[in-house]
Every structure is written in C-alpha cells, then in structure tokens.
Amino acid sequence: MTLPLIVDAHEDLAYNALCFGRDYTRPAAETRRIEKSSGSEAPRFAGETLIGWPDFQRGRVALVFGTLFATPVRRKEGDWDRISYADFNTAHRLYRAQLDYYHELVDRHPEQFRLVGSRAEVEAVLAGWAGPGETHPVGLLPLMEGAEGVRALSELEEWWELGVRIIGPAWAGTRFCGGTRDPGPLTDEGRRLLHAMAETGFTLDLSHMDPLSARQALDLYPGPILASHANAAALLPGYDGNRLLPDDVIRGLIERGGAIGVVPFCQFLDGRWKKGDKRDGITLERLADHIDHICQLAGDARHVGLGSDFDGGFGLSSVPTDVDTIADLQKLGPILSARGYNDDDTAAVFGGNWLARLKTCLPA
Ligand SMILES: [Zn+2]
C-alpha cells in the first residue's frame, strides 16, 4: 500500500531560513552536516534541523502550513534571535519579510514548493502527488503565528491578498488576548480583530491562546477554527501551564468542526521532560496517546491531525527517539494500526482531516 499523504499544520520554515540561513531545499542530514562544519549557531539555539524537501518527499508530506513568526523582545532568549520586535512597525516588517521568503522560495524552486491559498491550488498540489515520478510539489500555506504583525485591522485585507489564510492572535500574550505564560481574556481589540478576520475570511488558530481567551473565541468567532499545534493537557499529569489544551477547549473545537494538530515535542509529551534531558522511553507511542485522546473525546478520528512545529525552537534532541526527520512521522501508521485504527482513519489523521478543513475554509 502507498503511504498516506501527510499535511503538517505547523512549521517555522521562514523564521529559520531568515534567522539561521537554513536552506530547506536540502535534506535535513545535509543541513546538519553543513551547520556542524561551518560552526553555525543554529544547532545550539534552535536544535538540529528535522526538515528538508527530500525528507518531505520520503515522508510524503504534501502540504505544510508555513508560519510567520517573530519574538516579542521581552521573550527574546539571546542575541542570536534577530527576528524579534519591540514595536509593531518592526513586527510588521519581520512578518512581511517571512511572507516574502515563501514567495521567493516558490519562485526559485517551483518544482519543489508551491504557495497554496485556494482549493484549486490545494487540488493542483495533490494532483502532483497522484502522478508517477519521484518529484512531488510541496504546498505551503502561510499561517501568521502571533498577530502583532497586523498594525491596523485595515491591513488584514493586504495580508490576505499576499496569501495568509490562517491567523493565531497569540504567542505570548498580545494586545489581542492572553497567550502562553501570559494568562488573560480577549481584549476589546482582540474582539475587533476576530470580527475583522472573519469578515475577510481568515481561519482562526487557537494555539497559544490562553484557555480563557480560547473559550471566548470559540463562542464568538463565526468563521473556521482550528488549533494548528497543541497537545492535550489532560495527558500530562501535574501540568499547570497554559500552552496545552484542556479537554473543554478540545471539546469546543470539536463542536465547532475544528481539528487539532498534535506536536511530537518531548516537553508536550512528558510533563517532567526539560530540554537537555534524555529521551528514554519517549517514542511516537506517546504522540499516538494524544491522537487517541482527541479521538475518544470526538467519538471519531475526524478532529485530529499533525502539527509538528518542527524547527520551532527545538530540534533532533527534543523529539521522540524514533524520529530522525519529518519523514519518520510515517512511523505513526503502524502504531495507529496496532491500536485498531483502520487505513481510512490513519489517512484522515495524517492529512485527510486538514484537507477536509481546507475544502471549507479556503476560497475556490
Ligand atoms: Zn508555536
């Protein structure tokens, strides 16, 4: 049987390309070799890369939500992070530069990468995987993580025209809502943002929103909602952060027809694990636990997908031991099968559920 296609709902490709000069047309193994021999600061601060176009091919990763992301300066971890902002004009410039990166990447490597912003463009990418041959185009769908690149609501139209289709208002807390390690509700400005996003046609990404804001947004947002990269808080005993999703927020997402991308990051799989720790015993089985938990809450396998967040501030030493590159996400197939998931369910979790969402939330 051919392996199912993967849709990965969260990868910080542009951030890494612009901060560390990573070239994602290369295999991950080659980028690691080059960064090691050149003394690049990337492995030390971002971890060893998990991604490259040839790895997408091996793993049948057909479509990726590529993020635009910048760090608010109060959360900056060191001088190496050149993608940080102290004011909204800088944020806007940094987010825009990342969107330009995606446009340049597809212009320079049209046989490898394609921007997608419509259902027809998704279909064209999928057709490229249905045909024979060993070279398949990887679709890139721009996702804005943290909305502070939006200086004024009147700019939303421009972001849409340039290809952004999904916006997550938070990373840390923003002027719009509470975020990771910054609990809090939606603000008035946040409510206005959601209203304007829905008018323009954006999909809302709840990831990083404080659960209080997320619950309000689930009630308020009339458009499509998802969580591109988040695991279930209930599976990490003693977890007291606000980054993972409590069950009531997962249920809310399910009720609203949303889906959740689970993250193979050790810290989101084992509550005691910290960066630098050994990964003994942490395998993709733990990720399957999160998939299974969401499926149990939903009563089916139609509300969960993958949101690897690879190269999102962690690398090889922070992922399950059975993962060397993004291609190894295919190892989840036999794990799910052993748990009783049939081939249709596995294909849905790998990519079908995200593709079904894109059919309803993207323009024709
Ligand atoms: Zn994130």
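Please refer to the structure placed before this passage.
Parameters at a glance
- Residues numbered from 1 in each chain as written.
- Predicted model: local features only at pLDDT ≥ 70, side-chain atom pairs only at ≥ 80, totals over all residues.
- Heavy atoms only, no water.
- Donors = N, O, S within 2.8 Å, 3.2 Å for Na, K, Ca; no water.
- Helix = DSSP H or I, 4+ residues; strand = E, 2+ residues; numbered from the N terminus.
- Phe/Tyr/Trp six-rings, centres within 6.5 Å; stacked < 30°, edge-to-face > 60°.
- Buried < 20%, exposed > 50% of the residue type's maximum accessible area, 1.4 Å probe, protein only.

1. Topic: the coordination of the zinc ion
Line of reasoning, step 1. The zinc ion binds to the protein through E145 (OE), H208 (NE2) and H229 (NE2), with metal-donor distances spanning 2.0 to 2.2 Å.
Line of reasoning, step 2. When the donors of the zinc ion are listed by position in the chain, the intervening gaps give E-x62-H-x20-H. Taken as a pair, E145 in strand 6 (residues 138-145) and H229 in the loop between strand 9 (225-226) and helix 10 (247-255) lie far apart in primary sequence, 84 residues in all.

2. Details of the packing of aromatic side chains
The description of an aromatic ring pair rests on the distance of the ring centres and on the angle between the ring planes.
Line of reasoning, step 1. Across all of its chains, the model carries twelve aromatic pairs by this definition.
Line of reasoning, step 2. Residues F56 and F113 carry aromatic rings whose centres are separated by 6.4 Å and whose planes lie at 90° to one another, so their mutual orientation is edge-to-face. One end of the pair, F56, is in helix 4 (residues 53-59); the other, F113, is in strand 5 (residues 113-115), with 57 residues separating them in the sequence.
Line of reasoning, step 3. Exposure remark for F56: the relative accessible area of 0% places this residue in the buried category.
Line of reasoning, step 4. What makes F113 buried here is its relative accessible area of 1%.
Line of reasoning, step 5. When the ring of F310 is compared with that of F314, the centres are 6.3 Å apart and the planes differ by 85°; the resulting orientation is edge-to-face. Residue F310 shares its accessibility class with F314, and that shared class is buried.

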